[in-house]
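What follows is the residue order along each chain.
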Amino acid sequence: MNGAGNAFLLVDARGKPAPTRIAANRIRDWAQRWPFDQLLVLETSDRADVFMRIWNADGDEVGACGNGTRAAAWQMMEATSLQHVAIDTQAGILLAGRKPGGEVSVDMGVPRLDWRDIPLARPMNTISLDFRAEVDGIRVENPGAVNMGNPHAVFFVRDLESLPVARLGREVELGPVFPERVNAGFAQIHDPAHIRLRVWERGAGLTPACGTGACAALVAAHRRGLAGRSATITADGGELFVEWRESDGHVILTGPVEDDGEIELEP
């Protein structure tokens with residue numbers, strides 16, 4: 001499955017013995033054979049429609065995945081008559097529903113913005129971090145930091161297409177100020193309602209789209225006075241729409257989902 005090009009391998013383990021651990025080398029092997037950004041495993045939940053566990057392609061388990069949540073919700077709604085589903089994750093219960101045109105929307109909750117919540121190695125203003133990265137004389141600096149269930153650093157740049165995003169992303173991910181590593185977003189503001197974004201995801205690398213990254217970009221841009229409370233986010237794989245609601249502070253992510261077919265995993 002994919003959401004705006006963000007690729008997932010989804011395993012429905014509901015009603016079956018849930019895997020408490022999947023070996024990192026097995027996940028990496030699967031990702032080599034069937035390229036994906038995240039592995040999603042659906043398990044039975046006693047407090048939501050389903051519990052979803054998430055692993056990056058490198059085998060590390062993570063707490064949140066915006067596009068993955070939308071993909072899992074689409075899968076469940078296609079198999080039932082439901083128009084809305086509640087998906088439990090390590091980041092909390094996320095509510096998703098159908099939208100016109102076959103799109104799926106998910107409420108990603110309230111962004112966490114304190115330096116301890118990112119987390120950072122030391123106190124800093126998360127609107128503009130005292131941090132920079134440089135590759136071959138090309139420097140990015142002072143990103144906004146947002147935790148959307150996973151940590152993001154969002155750099156605002158003038159010419160995204162000429163930027164060596166992959167090489168800079170590697171440097172940023174492992175920056176000493178990010179003790180749990182970080183997802184690195186590189187955003188170019190076209191106007192307050194349109195943002196071009198590329199994201200280097202920790203454990204997955206450069207991805208066609210990143211749902212939590214799109215949410216983080218909108219939040220960081222609004223806090224910097226560069227965007228309104230909603231914007232279309234154009235990723236390599238397609239467009240996502242993000243709204244940071246003023247009424248309750250929740251971030252809503254909306255976009256397309258596609259089913260890429262089924263495969264059979266070995267036991």
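Rules behind the numbers
Residues numbered from 1 in each chain as written. Predicted model: local features only at pLDDT ≥ 70, side-chain atom pairs only at ≥ 80, totals over all residues. Heavy atoms only, no water. Buried < 20%, exposed > 50% of the residue type's maximum accessible area, 1.4 Å probe, protein only. Helix = DSSP H or I, 4+ residues; strand = E, 2+ residues; numbered from the N terminus. Arc of directions from axis to C-beta. Contact = heavy atoms within 4.5 Å. Core = buried A, V, L, I, M, F, W, Y, C linked by side-chain atoms within 4.5 Å. Pairing = 2+ DSSP bridges.

Q: Could you give an account of helix H1 (residues 24–33), naming the residues involved and the relevant values?
A: Among the residues of H1, Ile 27, Trp 30 and Ala 31 are the ones counted as buried. Summarising the axial view, the buried residues of H1 lie within an arc of 100°, below the 170-degree limit, and thus occupy one face. Facing away from the buried side of H1 by more than 90 degrees, the exposed set consists of Asn 25 and Gln 32. Those residues of H1 that are buried lie in contact with strand E2 (6–12), strand E3 (38–43) and strand E4 (50–56).

Q: An account of the nonpolar core is needed here, citing residue identities and associated values.
A: Within the largest apolar cluster, 51 residues are counted, with the highest numbers of intra-cluster contacts made by Ile 195, Val 242 and Leu 253. A total of eight residues in this core trace back to one element, the largest contributor, which is helix H4 (residues 211–223). Dropping the residues within four chain positions of it, Ile 195 is found in contact with Ala 187, Gln 188, Ile 189, Ala 217, Leu 218, Ala 221, Ala 227, Ala 231, Thr 232, Ile 233 and Thr 234. Residues Leu 120, Leu 129, Val 172 and Val 177 belong to the second largest nonpolar core, which totals 24 residues.

Q: Outline the pairing of strand E18 (residues 251–255), supporting the account with residue identities and numerical values.
A: Extensive coverage of E18 is indicated by the burial of five of its five residues. Alternating positions in E18 separate into two faces, Val 251, Leu 253 and Gly 255 on one and Ile 252 and Thr 254 on the other, with burial throughout. Bridging between strand E8 (residues 104–107) and E18 involves four bridges; their strand directions are antiparallel. By the bridge assignment, Val 106 is partnered in E18 with Leu 253. Pairing analysis gives four bridges linking strand E17 (residues 238–244) to E18, with the strands arranged antiparallel. If you follow Phe 241 over to E18, its bridge partner there is Thr 254.

On their own, these measurements won't tell you what the molecule is for.
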